[in-house]
Amino acid sequence: MKFFHSVDDVKGFPEPVLTIGNYDGVHIGHQRIINRVVEIARSKAGTPMLMTFNPHPLSILRPERHLGLLMPFYIKKRFIEEYGIEVLIAMEFTDTLRRTPPEDFINNILIEKLGISALIVGYDFKFGIGGSGNTEMLKRECSLRGIYFEAVDAVTLDGDKVGSNRIRRLILEGDVHRAAQLLGRPYFIEGKVTGGEKRGRIMGFPTVNLDTSFEIIPREGVYISEVGIGSVRYTSVTNIGRNPTFDGKSLTIETFILDFTGDLYGTEISLYFHERIRDEKRFDSPEELIKQINRDVVLAKEFFSRL
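First, a word on what this report is: a plain description of the structure on this page. (Residues numbered from 1 in each chain as written. Predicted model: local features only at pLDDT ≥ 70, side-chain atom pairs only at ≥ 80, totals over all residues. Heavy atoms only, no water.)

1. Remarks on the overall build of the chain
Scanning the chain from terminus to terminus reveals 10 helices and 14 strands. Expressed along its principal axes, the backbone C-alpha trace of the chain runs to roughly 75 × 40 × 40 Å. Buried positions account for 49% of the 307 residues belonging to the chain. The long-range share in the chain, meaning contacts at least 24 apart out of those at least 6 apart in sequence, stands at 73%. Total accessible area on the chain is roughly 15400 Å²; 48% of this is exposed by carbon and sulfur atoms. Each charge sign in the chain was given a centre, from 40 positive and 42 negative side chains, and these centres are 1 Å apart. (Helix = DSSP H or I, 4+ residues; strand = E, 2+ residues; numbered from the N terminus. Buried < 20%, exposed > 50% of the residue type's maximum accessible area, 1.4 Å probe, protein only. Contact = heavy atoms within 4.5 Å. Areas by Shrake-Rupley, 256 points an atom, 1.4 Å probe, with all protein chains shown as cover. Lys, Arg positive; Asp, Glu negative; His and termini not counted. Charge placed at Lys NZ, Arg CZ, Asp CG, Glu CD.)

Now the structure itself:
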């Protein structure tokens, strides 16, 4: 996949078929749009392209409503490539871009700079100053220029409209199972294994502590999870919380990896969340905590035995 920061550098690609959007999470709704871009590009012997923005426009326009990103840009880039996009343009969301009239965006960027032959966007796509441009305007302007245009309808799952904000809220509420259905894969975070208090090792459950820069962390509690080390995934149980049994104060992400031995300190790992199984709670003794962890491990094994 070719990657550009400016439309000025995008030259020489046949029959550009473009989609535009933030694509945070690259969820099943996004995937449907990307699939259409790839299909149409193939039918025209063209180039599937995606334009996105960095930083996320909402973080500038309405910071009080911005809950954080589902994934950092390097992860989003990876998924966009996997789904078949050949050219990715990450435009800086500047004040100039924010104040661009929609007509200028169409004429100067989409037509003059990119020379698009087709444009595919989501049903609720808005652009230009104050979000004054919409799909109806794009449909009209593309029709006048002989450019194929399509607005992809909203994707719903069991009556639940798929959207990045909906997924963010589900994760923050701890409903990682439902979030995974809307994402089309388990929600995951990545980071480096750091040193902890080593209490787990003493109790017979050695754990790894994850330090991550991901912005969306699931609600405090205990989760059935998997740890990705390289290309291998290991069944695990993860506690997100403050270790109340030991009067902990700071939030930690602590994972017990089943059937694994080895020192992971300093290693970059991925942590996949499958199911929230209980709240974090204070136990009267370490022995009671050990009994509960054993029950958590049994639940994790049963979960994966059903897959």
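There's more to say after this.
2. Quick look at helix 5 (residues 102-113)
An α-helix turns once every 3.6 residues. As a result, residues three or four positions apart point the same way. Turning to helix 5, its buried residues are Pro102, Phe105, Ile106, Ile109 and Leu110. Down the axis of helix 5, the buried set is contained in an arc of 120°. They therefore lie on one face. Looking at the packing, one finds that the buried side of helix 5 touches strand 2 (16-20), strand 3 (47-54), strand 4 (87-92), helix 4 (95-98), strand 5 (118-122) and helix 6 (135-145). (Arc of directions from axis to C-beta.)

3. Quick notes on the pattern of salt bridges
One pass over the structure, following the stated rule, counts 19 salt bridges. In this structure, Glu141 engages Arg140 in a salt bridge whose closest nitrogen and oxygen atoms are separated by 3.8 Å. When its relative accessible area of 16% is taken as the criterion, Glu141 is described as buried. The partner of Asp279 in a salt bridge is Arg219, with the nearest N and O atoms 3.7 Å apart. With a gap of 60 residues between them, Asp279 in the loop between strand 14 (268-278) and helix 10 (286-305) and Arg219 in the loop between strand 10 (207-211) and strand 11 (221-229) connect regions that are remote in the sequence. (Salt bridge = Lys/Arg side-chain N within 4 Å of Asp/Glu carboxyl O.)

4. Some points on the packing of helix 5 against helix 6
Interaxial distance between helix 5 and helix 6 falls to 11 Å at its minimum, and their mutual angle equals 45°. Between helix 5 and helix 6, the angle falls in the class oblique. At the point where helix 5 passes helix 6, the crossing takes the right-handed sense. Mapping the contact onto sequence places Pro102, Glu103, Ile106, Asn107 and Ile111 in helix 5 and Met137, Leu138, Glu141 and Arg145 in helix 6. (Axes fitted to C-alpha atoms, helices over the stretch in contact; angles between N-to-C directions. Parallel < 35°, antiparallel > 145°, perpendicular 65-115°, else oblique. Left-handed = near helix turned anticlockwise from the far one by under 90°.)

5. Focus: the pairing of strand 6 (residues 148-152)
Across five bridges, the pairing between strand 5 and strand 6 is parallel. Bridge pairing links Gly122 to Val152 in strand 6. After leaving strand 5, the chain enters helix 6 and then returns to the sheet as strand 6, a path that is right-handed. (Pairing = 2+ DSSP bridges. Right-handed = clockwise from strand over helix to strand, strands pointing away.)

6. A look at the sheet that holds strand 9 (residues 187-194)
If you trace the six strands once around the closed barrel, you get 9-10-13-12-11-14, paired in antiparallel fashion. The average angle at which neighbouring strand axes cross in this sheet is 45°, direction not considered. As judged from the three bridges shared by strand 9 and strand 10, these two strands associate in the antiparallel manner. Bridging from a neighbouring strand, Val193 pairs with Leu210 of strand 10. Relative to the sheet, helix 8 (residues 176-183) contacts strand 9, strand 11 and strand 14, its axis offset from that of strand 14 by approximately 120°.

7. Quick notes on the sheet that holds strand 4
Strand pairing within a sheet occurs via backbone hydrogen bonds; the two strands may be parallel or antiparallel. Here we have six strands laid out as an open sheet, ordered 1-4-3-2-5-6, and parallel in their pairing. At either margin of the open sheet sits one strand with a lone partner, and together these are strand 1 (2-4) and strand 6. Across the sheet, the mean angle separating the axes of adjacent strands is 20° when strand polarity is ignored. Relative to strand 4, strand 3 runs parallel, the two being bridged by six bridges. Bridge pairing in strand 4 links Met51 to Ile89.

8. Observations regarding unusual backbone geometry
At Glu15, a residue that is not glycine, the phi angle is positive and equals roughly 40°. In this structure, Glu15 sits in the loop between strand 1 and strand 2. Its identity as a non-glycine residue notwithstanding, Asp158 has a phi of 55°, on the positive side. Tracing the backbone shows Asp158 in the loop between strand 7 (156-157) and strand 8 (160-161). Judged by its relative accessible area of 72%, Asp158 falls in the exposed class.

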